[in-house]
Amino acid sequence: MMDVRRMQVLRAVITSGSVTAAAAHLGYTPSAISQQIAALEKEAGIALLERAGRGVRPTAAGLLLTRYTAVISEHLAEAETALADLRAGREGRLTVRYFASVGPTLLAPALARVRREHPAVAIDAGLADPDDALAEVYEGDADLALVVRPPADAPRHGVQVVHLLDDPYRAVLPTGHPLAARRVLDLTDLAGEPWIRSEPPGPCLTPVTDACAAAGFSPDFAATSQEYATAQGFVAAGLGVSLVPRLGLSTRHPGVAVRRVRHPEPFRSIHAVVRSGSLDQPVLRTLLDALRESAGTGRPAKAAGARGTRS
C-alpha cells in the first residue's frame, strides 16, 4: 500500500515544479524529498517523475497519482474537521437505552439539556429490556444505558456504572381503603392484603419481595401487571394493594391513594452504565451531568442493610 504522506510530497513537487521548491514549502531538505519520492516510486512500481532541465516533471503515472492525492487530501481534511467536531461535541450521534418509568421523569429533561447544548448531535433514545440495554453498551451499540442494578452487583470490566438515585417504593391503595387514612404505613400493615404485582420478575420486583421477606411475610399476589398504569387500575378497581416505585407514579390514577411505607422501605437503585473509554466525549459528559441534575430531586444514596430496603 502506498504511503499517503509520500503521495502528498509528490503532489508538492509537481505543483511547485522542483524538489528544491517543495522542500522549502514542506520544511524538509531536498535530499529528504528525493528519498520520499524514491520510496514512493518503489511502492508504485513505476517512475513518477522525470528530469526536465533544472527541474522535474511528472510522468503519466505521476499525474494520475497526483489527481488521486488531491482527492485523498481533501477527504483527510474533512475527516480531521469531523473528528474535531466530534471531540468538541459539535456533531455525532448519541445512543441511549432506558426503561419506561425513567423516561418522563429522569431522561426527558436530561436529553432536553443535551439538545440545547449540542443541537447538531443526533439523539437515538429507545426503550429496551435492561439485559438488552446492558448488552448494547458492552458491545458498543449504545453509548449509555439506564438500568436498575442492586448495589451488590459488580460492574463488568470495560464499563463504568454511575449511581444516579435510589427510587423508593410507595404503597398504592384504593382511595376508600381503611389504611388510606394514614400518611405512613408499616410494611407489615399490608401483609394480610391481596397484592397486585406491578413488575415482572427481575431487579424491580426483587426489592419488593426482599422487603416483604425482611418484614416476615410473603405477598399474596392476586393479579399481575407488567407496568404501573395497569397496576394502579387494578388497585383502583379494588383487586388489591401494590408497591410502585416513586418514579413509576409520575402519572397517578385518580382512584388510588399513595402512601409511604417503612420498616423496611423498599427502593430500587438506578444507575447509568457507560463504556469506560467513552467518558471523554463532551456530549456523553453533558448527558451524565444532566442525568445527575434530573436525579437531584430523588433520594440520595444511602448504605442499605438488606438489598433494596431501608429500615
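*Asks:* Break down the confidence of the model for the chain for me, with residues and values.
*Replies:* Do not read the predicted coordinates in detail wherever pLDDT is low. Mean pLDDT over the chain stands at 86; residues scoring 70 or higher make up 89%. The model gives residues 297-306 a pLDDT under 50, and that stretch makes 18 contacts with residues more than four places away or in other chains.

*Asks:* Could you give an account of the side chain of His-177, naming the residues involved and the relevant values?
*Replies:* Its place among the elements puts His-177 in the loop between β6 (159-174) and β7 (184-186). A relative accessible area of 15% places His-177 in the buried class. In contact with His-177, other than residues within four places in its own chain, are Glu-193 and Val-241.

*Asks:* Just give me the short version of the pairing of strand β4 (residues 122-127), but keep the residues and values in it.
*Replies:* Strand residues, when the strand is regular, have side chains that alternate between the two faces of the sheet. The pairing of strand β3 (residues 93-98) with β4 spans six bridges and is classified as parallel. Looking across to β4, one finds that Arg-97 is bridged to Gly-126. Following the backbone out of β3, through helix α5 (residues 103-117) and into the adjacent parallel β4, one traces a crossover that is right-handed.

*Asks:* Hey, could you go over the pattern of salt bridges for me, with residue numbers and the actual values?
*Replies:* A complete count under the given rule lists 13 salt bridges for this structure. Ionic pairing is found between Arg-113 and Glu-117, a salt bridge with its closest N-O pair at 2.9 Å. With a gap of four residues between them, Arg-113 and Glu-117 both fall in helix α5, about one helical turn apart. Residue classification places Arg-113 among the buried residues on the basis of a relative accessible area of 17%. For Glu-117, a relative accessible area of 43% gives the class partly exposed. Note that Arg-113 is salt-bridged to Glu-293, the shortest N-O span being 3.1 Å. Of this pair, Arg-113 sits in helix α5 while Glu-293 sits in helix α9 (residues 282-294), placing them 180 residues apart in sequence. Three or more residues are tied together by salt bridges with common partners; here these are Arg-93, Arg-97, Asp-124 and Glu-136.

*Asks:* Tell me what's going on with helix α8 (residues 228-236), and back it up with residues and numbers.
*Replies:* For α8, the complete set of buried residues consists of Tyr-228, Ala-231, Gln-232 and Val-235. For α8, the arc enclosing every buried residue in end-on projection is 100°, short of the 170-degree limit, so these residues lie on one face. Among the structural elements, β6, β8 (194-197), β10 (242-245), β11 (256-262) and β12 (265-275) are those in contact with the buried residues of α8. The N-terminus of α8 is capped by Glu-227, whose side-chain oxygen sits 3.1 Å from the backbone nitrogen of Ala-229. Downstream of α8 by a residue or two, Gly-238 has a phi angle that is positive, lying close to 85°.

*Asks:* So what about the packing of aromatic side chains? Which residues, and what values?
*Replies:* All told, the structure shown has two aromatic pairs when counted by the stated rule. When the centroid spacing of 6.1 Å and the interplanar angle of 55° are considered together, the rings of Trp-195 and Phe-217 count as tilted. A residue pair is termed long-range when its members are at least 10 positions apart, and Trp-195 in strand β8 and Phe-217 in the loop between α7 (206-215) and β9 (220-224) qualify at 22 residues. Across the pair, exposure class does not vary: Trp-195 and Phe-217 are buried alike. Arranged with centres 6.4 Å apart and planes meeting at 90°, the rings of Trp-195 and Phe-221 form a pair that is edge-to-face. Here Trp-195, found in strand β8, pairs with Phe-221, found in strand β9; they are 26 residues apart in sequence, far enough to count as distant. Looking at Trp-195, the relative accessible area reads 1%, which means it is buried.

Calculation rules
Residues numbered from 1 in each chain as written. Predicted model: local features only at pLDDT ≥ 70, side-chain atom pairs only at ≥ 80, totals over all residues. Heavy atoms only, no water. pLDDT = per-residue confidence, 0-100. Contact = heavy atoms within 4.5 Å. Helix = DSSP H or I, 4+ residues; strand = E, 2+ residues; numbered from the N terminus. Buried < 20%, exposed > 50% of the residue type's maximum accessible area, 1.4 Å probe, protein only. Pairing = 2+ DSSP bridges. Right-handed = clockwise from strand over helix to strand, strands pointing away. Salt bridge = Lys/Arg side-chain N within 4 Å of Asp/Glu carboxyl O. Arc of directions from axis to C-beta. Polar contact = N/O pair within 3.5 Å; in protein donor to acceptor, adjacent residues only side chain to side chain. Phe/Tyr/Trp six-rings, centres within 6.5 Å; stacked < 30°, edge-to-face > 60°.

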